[in-house]
Amino acid sequence: MHPVRKQRLILVLVLVVLSSAAVGFVAYAMRGNIDYFYAPKAFAAGEVPMEKRIRAGGCVVPGSVQRATDSLDVQFVITDGEAQLSVVFDKILPDLFAEGEAAVITGQLMPSGVLRADQVLAKHDETYTPPEVADTMVSHEGCSDGAKI
């Protein structure tokens, strides 16, 4: 093999190895920042890891929102039409958060089976539903007028 070709081959191989290592390091670093999405039926089936940061979504069950009188604590239930999940949140809820509307919650599942929320995202109008919620929902009365959300 000609020496110039050999140098080029070595250079290309080194670049491939270094770029593969860089991609591997980036993927490894991002592993801790990924929030996996689960529907309430996954919680009921026990498929959700405890005390890891996750996302859940569904329809806020009408009549389930309970607010504490002396703090910002709010407890409510979300459903995907098949199962329900209790959620506890201790911050200010979004203005558009309402019973019967879609919500996406980021937080940790506690051993008691309650999701302790760090963030609550609410549906922003009548036609929008977060894609991850829409993919897991079945038709449910009381949620967006019974429409599939």
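Residues numbered from 1 in each chain as written. Predicted model: local features only at pLDDT ≥ 70, side-chain atom pairs only at ≥ 80, totals over all residues. Heavy atoms only, no water.

### Description of the layout of surface pockets
Estimates place the volume of the largest pocket at around 170 Å³. Around the largest pocket sit Arg31, Gly32, Ile34, Asp35, Tyr36, Tyr38, Pro49, Lys52, Arg53 and Ile54, which together line it. Elements represented by at least two residues in the lining of the largest pocket include exactly β1 (36-38) and β2 (53-60). Of the residues belonging to the lining of the largest pocket, the class tally is five nonpolar, one polar and four charged. (1 Å grid on protein atoms, 1.4 Å probe; cavity = no way out; pocket = protein on both sides within 12 Å on 5 of 7 lines; lining within 4 Å. Points joined across faces, edges and corners; volume = space filled by probe spheres on them. Helix = DSSP H or I, 4+ residues; strand = E, 2+ residues; numbered from the N terminus. Nonpolar A, V, L, I, M, F, W, Y, C, P; charged D, E, K, R; others polar.)

### Details of the pattern of salt bridges
Inspection of the entire model under this criterion finds two salt bridges. Between Lys41 and Glu82 there is a salt bridge, with its nearest N and O atoms 3.7 Å apart. Taken together, the positions of Lys41 in helix α2 (residues 40-44) and Glu82 in the loop between β4 (74-79) and β5 (84-89) put the pair 41 residues apart, joining distant regions of the chain. A salt bridge links Asp118 to Arg53; the shortest N-O distance between them is 3.2 Å. With a gap of 65 residues between them, Asp118 in strand β7 (residues 115-122) and Arg53 in strand β2 connect regions that are remote in the sequence. Overall, the relative accessible area of 34% leaves Asp118 in the partly exposed class. (Salt bridge = Lys/Arg side-chain N within 4 Å of Asp/Glu carboxyl O. Buried < 20%, exposed > 50% of the residue type's maximum accessible area, 1.4 Å probe, protein only.)

### Brief notes about the nonpolar core
Phe43, Phe76, Ile78, Val87, Phe97, Ile105 and Val120 are the most contacted members of the largest nonpolar core, which totals 22 residues. Broken down by secondary-structure element, the contributors of at least two residues to this core are α2, β2, β4, β5, β6 (102-109) and β7. Setting aside anything within four residues of it in sequence, one finds Ile78 in contact with Pro40, Ala56, Gly57, Gly58, Cys59, Val60, Val61, Ala83, Gln84, Leu85, Val87 and Ile105. (Core = buried A, V, L, I, M, F, W, Y, C linked by side-chain atoms within 4.5 Å. Contact = heavy atoms within 4.5 Å.)

### Focus: the packing of aromatic side chains
Within the structure shown, the criterion is met by two aromatic pairs. Ring centres of Tyr38 and Phe43 lie 6.3 Å apart, and the angle between their planes is 75°; on these two criteria the pair is classed as edge-to-face. Across the pair, Phe43 and Tyr38 agree in class, each one buried. (Phe/Tyr/Trp six-rings, centres within 6.5 Å; stacked < 30°, edge-to-face > 60°.)

### Quick word on the side chain of Thr106
As for its placement among the helices and strands, Thr106 is situated in strand β6. The buried category is assigned to Thr106, whose relative accessible area is 2%. Apart from residues no more than four positions distant in its own chain, Thr106 is found in contact with Asp35, Arg53, Ile54, Arg55, Ala117, Asp118 and Gln119.

### Some words on the environment of Ala102
Following the sequence through the fold, Ala102 ends up in strand β6. Sequence separation between Ala102 and Ala122 is 20 residues; the distance between their C-alpha atoms is 6.3 Å.

### A word on the pairing of β4
Summarising burial for β4: five of the six residues are buried, a large majority. Bridging between β2 and β4 involves two bridges; their strand directions are antiparallel. Counterpart to Val60 in the pairing with β4 is Ile78. Judged from the two bridges that link them, strand β3 (residues 66-67) and β4 form a sheet pairing that is antiparallel. Pairing of Gln66 across the sheet is with Gln75, part of β4. Alignment of β4 against β5, held across six bridges, turns out to be antiparallel. Directly across from Gln75, in β5, lies its bridge partner Val88. (Pairing = 2+ DSSP bridges.)

### Re the environment of Ala39
Mapping Ala39 onto the fold places it in the loop between β1 and α2. A relative accessible area of 7% places Ala39 in the buried class. For the pair Ala39 and Ala56, spaced 17 residues apart in sequence, the C-alpha separation works out to 5.6 Å.

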